[in-house]
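Breakdown of the fold
The chain contents come next:
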Amino acid sequence: MQQDAATGARRLELTVGDDEASVRLDRVLAARVQELSRSRLKALILAGHVSVKAAPVRDPAYHVTPGDTITIEVPQAVPAEPAGEDIELDIVYEDDDIIVIDKPRGLVVHPAAGHETGTLVNALIAHCGASLSGIGGVKRPGIVHRLDKDTTGLMVVAKNDRAHQSLTAQFADHGRTGPMRRGYMAFVWGVPNRQRGTVDAPIERHPHAREKMAVRESGREAVTHWEMRESFGGRDGNPVAALLECQLETGRTHQIRVHLAHIGHPLMGDGTYGPHFKTKASRLGPASQKALTALGRQALHAYLLALEHPRTGEILHWESPFPEDLALLQNALRATL
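Summary of the structure given here. (Residues numbered from 1 in each chain as written. Predicted model: local features only at pLDDT ≥ 70, side-chain atom pairs only at ≥ 80, totals over all residues. Heavy atoms only, no water.)

1. Some remarks on the overall build of the protein
In terms of regular secondary structure, the protein is built from seven helices and 16 strands. Radius of gyration (C-alpha) of the protein: 22 Å, near the 20 Å computed for a compact globule of 337 residues. Taken over the C-alpha atoms alone, the protein extends approximately 60 × 55 × 40 Å along its principal axes. Partitioning the intrachain contacts of the protein with sequence separation of at least 6 by distance along the chain shows that 67% fall at a separation of at least 24. (Helix = DSSP H or I, 4+ residues; strand = E, 2+ residues; numbered from the N terminus. Rg over C-alpha atoms; globule rule 2.2 N^0.38 Å. Contact = heavy atoms within 4.5 Å.)

2. Details of helix α4 (residues 161-173)
Look at α4: 18 Å from first C-alpha to last across 13 residues, which is about the 18 Å you get at 1.5 Å a residue. Those residues of α4 that fall on the buried side of the exposure criterion are Ala 163, His 164, Leu 167, Gln 170 and Phe 171. All buried residues of α4 fall inside an arc of 135° around its axis, so they share one side. Within α4, the exposed residues directed more than 90 degrees away from the buried face are Gln 165 and Ala 172. Contacts from the buried residues of α4 go to β7 (98-103), β8 (152-158), β9 (181-189) and β15 (300-308). Residue Asn 160 occupies the N-cap position of α4, its side-chain oxygen lying 3.3 Å from the main-chain nitrogen of Arg 162. Backbone geometry just downstream of α4 places His 174 in the positive-phi region, at approximately 55°. (Expected span 1.5 Å × (residues − 1). Buried < 20%, exposed > 50% of the residue type's maximum accessible area, 1.4 Å probe, protein only. Arc of directions from axis to C-beta. Polar contact = N/O pair within 3.5 Å; in protein donor to acceptor, adjacent residues only side chain to side chain.)

3. A word on unusual backbone geometry
The residue Ser 22 is not glycine, and still its phi comes out positive at about 60°. Along the chain, Ser 22 falls in the loop between β2 (10-15) and α1 (25-32). Given the relative accessible area of 49%, Ser 22 is considered partly exposed. One non-glycine residue with positive phi stands out, namely Lys 53, at about 55°.

4. Re the nonpolar core
Leu 120, Leu 124, Tyr 184, Leu 244, Cys 246 and Leu 260 are the most contacted members of the largest nonpolar core, which has 31 residues in total. Of all the secondary-structure elements, those providing two or more residues to this core are β7, α3 (120-128), β8, β9, β13 (223-233), β14 (239-248), α5 (255-262) and β15. Per-element accounting of this core gives the leading share, five residues, to α3. Apart from the residues lying within four places of it in its own chain, the contact partners of Leu 244 are Tyr 184, Met 185, Ala 186, Val 188, Pro 192, Trp 226, Glu 227, Met 228, Arg 229 and Leu 260. Formed by 21 residues, the second largest nonpolar core is a distinct cluster that contains Phe 187, Leu 243, Ala 291 and Leu 292. (Core = buried A, V, L, I, M, F, W, Y, C linked by side-chain atoms within 4.5 Å.)

5. Digging into the side chain of Gln 247
Relative to the assigned elements, Gln 247 resides in strand β14. With a relative accessible area of 18%, Gln 247 lands in the buried category. Non-local contacts of Gln 247, meaning those with residues more than four positions away in its chain, are made with Arg 181, Arg 182, Gly 183, Val 223, Thr 224, His 225, Tyr 303 and Leu 304.

6. Here's the deal with the environment of Ile 45
Among the secondary structure elements, Ile 45 is positioned in helix α2 (residues 38-46). As for Ile 45 and Ser 320, which are separated by 275 residues in sequence, their C-alpha atoms are 36 Å apart. Ile 45 has contacts with Leu 25, Asp 26, Leu 29, Val 50, Val 57, Arg 58, Asp 59 and Pro 60, leaving out every residue within four places of it along the chain.

7. Some remarks on the packing of aromatic side chains
Going through the model one piece at a time under the given rule, you end up with three aromatic pairs. Aromatic side chains Phe 187 and Phe 322 sit 5.4 Å apart centroid to centroid with 45° between the ring planes, which places their arrangement in the tilted category. Of this pair, Phe 187 sits in strand β9 while Phe 322 is found in the loop between β16 (315-319) and α7 (324-335), placing the two residues 135 residues apart along the sequence. Residue classification places Phe 187 among the buried positions, given a relative accessible area of 0%. Put simply, the rings of Phe 187, Phe 232 and Phe 322 pair up and form one aromatic cluster. (Phe/Tyr/Trp six-rings, centres within 6.5 Å; stacked < 30°, edge-to-face > 60°.)

8. Overview of the pairing of β8
Within β8, seven of the seven residues are buried, which leaves it mostly tucked inside the rest of the structure. Looking at chain direction, β7 and β8 are connected through six bridges and run antiparallel. Counted as the bridge partner of Asp 102 is Leu 154 from β8. Across two bridges, β8 lies against β15 in parallel orientation. (Pairing = 2+ DSSP bridges.)

9. Overview of the environment of Gly 219
Mapped onto the secondary structure, Gly 219 falls in the loop between β12 (213-215) and β13. Taking C-alpha positions, Gly 219 is 4.5 Å from Ile 203, a pair spaced 16 residues apart along the chain.

Okay, here's the thing in C-alpha cells:
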C-alpha cells in the first residue's frame, strides 16, 4: 500500500481479473488483500472508502466486472477515545443532569467509520468536560437516542449515570406508561387518503443493501403513529405532498423514513428510501422545486420532546420550530396552492 504523507491514509489499487467475473466485492477484497481482515474490509466498504472505477461503492455484495479498477483508501488510525472539539451547539436547556440541544443538519451524533471527528459527542466532551466520562460507553458518552445525520431537531443527553439510567428507561418505554413523547414533522410525497393512521411493521437491516433498513416479518417490532397536518397541491392543482406529524412508539434505526416509504409516502428529499419519487418534483411549482433542491436532505424534523426529569421528576417539554430550509420548503409548497 502507498501512504499519503499529508493525511497518513494508505491507498491500494487492484484490477479485477477474468476469473473474478460477477464475484462480490467483499469476496474479491478478502481474497486479494491479506493484510486487512474481512470485517475491516466490510467496514471500509460501508464507510465509502472503496471505489470501483473511481466511484464509491458502499454495497459489499456489489458484483465486479473483469477489468474494473478497485481503489481502497485506509484512513489513518484514530485514538480509541473521542476528543473534545470546539463545535458550536444550539443548547435549548441544560442543568447538572441533562442537556437538550437542537441538532442542525449534517451533524453526526457519535463517532463511527468515516465520521471519527466533528460529531455531537466531540462537541459534548468539550462542553461538558469530565462529567460524561464512562456514561453509556466510550464512543457514545451520555447518548440515549440519536437522530440521523441530516435529520434536525431536539435531542437530550445525560450528564451523569443517574440521568443516563433514567433516560434510558424512559426511551425504552417510549411513552407507553410514562410521559416520554417524541414528535416529528415529516414532509412526504403524496397525500394520505385519511387523516391519521398507525404503521405497525417490523424493521430490520436490509438483506442486500446493508446501509439501509427494511420492513421484514423477521424484524423487531416498530410502531409509528401519524396524523396529517397539512396537504399541498401541485402546479396542476392536484394533491402532491403533505405534512405529517409522527409519534414514535418504538425507536428503530430510520423508523419514520422506512415506515412512511412502506405506506407509499416517502419523505421528500430522501434519496435512500424515496429515490423513485424524484419525478414527482416536476409537479411542483418553480419555487417549491427550488426549495426542495436546496434542501438536499430528507425533510424530517424532531420538533417535540417531553420527558420526566431524572432528578426532580418534573415533566419537561420543549418544541423546536422548523429550521430555515424546512420553513422555506413549507412556504413554497403553500404558495403553489
